[in-house]
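So you can see what is in the structure, the chains are spelled out below.
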Amino acid sequence: MTFENTAEFARQLDASDPLASYRDQFHFPALEGQQVIYFTGNSLGLQPKRTAAFVEEIMKDWRELAVEGHFYADKPWWDYHERLAGPLSRVVGAKPSEITVMNTLTVNLHLLMVSFYRPSAKRYKILCEEKAFPSDQYMFQSQIRYHGLEVSDTLVEVRKREGEHHWRTEDVLAKIDEVGDELALVLLGGVNYYNGQVFDMEAITRAGKAAGAYVGWDLAHAVGNVELALHEWDVDFAAWCSYKYMNSGPGNASGVYIHERYHGRTDIPRFEGWWGTKKETRFLMQPAFDPMENADAWQISNAPVLALAPYLASLEMFEEVGMPALIAKRNLIVSYLEFILREIGKEVGSVFEIITPEARGTQLSVFLHGEGRSLFDYLMQQGVITDWREPNVIRLAPAPFYCSFEDMYRFGQILKKGIQKT
Ligand SMILES: *Cc1c(COP(=O)(O)O)cnc(C)c1O
């Protein structure tokens, strides 16, 4: 398709967008009465309009049924989390039995490390990408110290090449090969939060497993954004938060995937609690742990139903639309945004550079040369909500659920003015 940097062309794209009607199903913040251009769905997704009713349902059941809500609410609370497994399994490419929802992302990664990071004298190293998301780095460092090991000797980081902004798959594979039989765990972000790169999860998983390591993925920036086939790729485990592209609300619950081959095993350690025991016997309050036969065995506490309600509302929308349609729109809107950036670059001189590689989802990271910070401030003042990452990067993530092509056009015009001004 030949794009044009005009309002008319952008409106035509909106008119033929099969997801266009979803834009009205989200609450947008406004600045001086004008709806903002929202590029931070990779940080906190917008609130779907239907979410409040899902939360109110729980509030009402609590008001009217109190403790009886556990079993007699329309959506009983005691197994409320099970409603999320089916829809989530279709978002991440897994079997419903391989999905559970609990806690928050970093907590879940720690819990999964209990099962999947068990260093031995010979096999103890962890491979990740350099400059992983800070929470993941702290998680790795504290886990390594907890096992009495040295971080510098244990954590192996794959670096980008000098002068390049992305990681090369061949370099990740070579590193896996190099560490070989010392490698205990490969755990990377499926989509890097900084440059928006999508890692070749299938190839890296295959290589990590061939080396005899466990392979897990932090899917914070991948879930609801890129195509995932966790089961088919033979991924051992994964976890993600739900407040980025999944639109479930600030700090909300995390999803977990655990390959079915680990279900029902007694030789894998796990931190346990009563929500991981068999439902049939849970309330007999027996001292022996009798695990669920699926990923729910990793559940510890009774489910935070008020938090799961917005997640369920969001998943209903993912079910309606499906990942293929979201990905189709994503490809078009990101390409259009890239085109707009390049057009503006031609008009005003290239003061910025897109550092996101071809393998991308819905995020473009743009390196601003020169007065980046003041340009960022100008954009925010004009109602363009984006985010700033040191030293000089703005991240633009047009979420396909609710961003329009006209937003991209308008953004281009504001950007141009901003560059000319600052
Ligand atoms: C957003 C994000 C997190 C956030 O972790 P929480 O435990 O939900 O606060 C962790 N890791 C990555 C890669 C992220 O992008």
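In what follows, the structure referred to is the one given above.
All values derive from a computational prediction rather than experimental measurement.

(A) Representation of the site of the ligand within the structure. Taken together, Leu-105, Thr-106, Phe-133, Asp-136, Asp-218, Ala-220, His-221, Tyr-243 and Lys-244 are the residues near the ligand. Between the ligand and Asp-136 there is a distance of 2.7 Å, counted from a nitrogen atom to a side-chain nitrogen or oxygen. A distance of 2.5 Å is found between an oxygen atom of the ligand and a side-chain nitrogen or oxygen belonging to Lys-244. Burial of the ligand by the protein amounts to 83% of the accessible area it has alone, namely 380 Å². The class makeup of the residues in the shell around the ligand is four nonpolar, two polar and three charged.

(B) Expanded view of the side chain of Ser-242. Within the fold, Ser-242 resides in the loop between strand E11 (237-240) and strand E12 (254-258). One polar contact links the side chain of Ser-242 to the main-chain carbonyl oxygen of Ala-253, over a distance of 2.6 Å. Here Ser-242 is in contact with Asn-247, Ser-248, Asn-252, Ala-253 and Tyr-311, once residues within four sequence places are set aside.

(C) Representation of the sheet that holds strand E7 (residues 125-129) within the structure. Taken together, the seven strands give an open sheet; going across it, the order is E6-E12-E11-E10-E9-E7-E8, and neighbouring strands pair in mixed fashion. Strands with a single pairing partner mark the edges of an open sheet, and in this sheet they are strand E6 (99-102) and strand E8 (155-158). Going across the sheet, the axis of each strand differs from the next one's by a mean of 20°, ignoring polarity. Both E6 and E12 contribute to a ladder of four bridges, which runs antiparallel. Directly across from Met-102, in E12, lies its bridge partner Ser-254. Its contacts with the sheet put helix H4 (residues 82-92) on E6 and E11, and the angle it makes with E6 is roughly 115°. Seen against the sheet, helix H5 (residues 105-116) touches E6, E7, strand E9 (183-189), strand E10 (214-218), E11 and E12 and runs at an angle of roughly 170° to E11.

Definitions and cut-offs
Residues numbered from 1 in each chain as written. Predicted model: local features only at pLDDT ≥ 70, side-chain atom pairs only at ≥ 80, totals over all residues. Heavy atoms only, no water. Near = heavy atom within 4 Å. Polar contact = N/O pair within 3.5 Å; in protein donor to acceptor, adjacent residues only side chain to side chain. Areas by Shrake-Rupley, 256 points an atom, 1.4 Å probe, with all protein chains shown as cover. Nonpolar A, V, L, I, M, F, W, Y, C, P; charged D, E, K, R; others polar. Helix = DSSP H or I, 4+ residues; strand = E, 2+ residues; numbered from the N terminus. Contact = heavy atoms within 4.5 Å. Pairing = 2+ DSSP bridges. Axes fitted to C-alpha atoms, helices over the stretch in contact; angles between N-to-C directions.

Nothing here speaks to function; it is geometry throughout.
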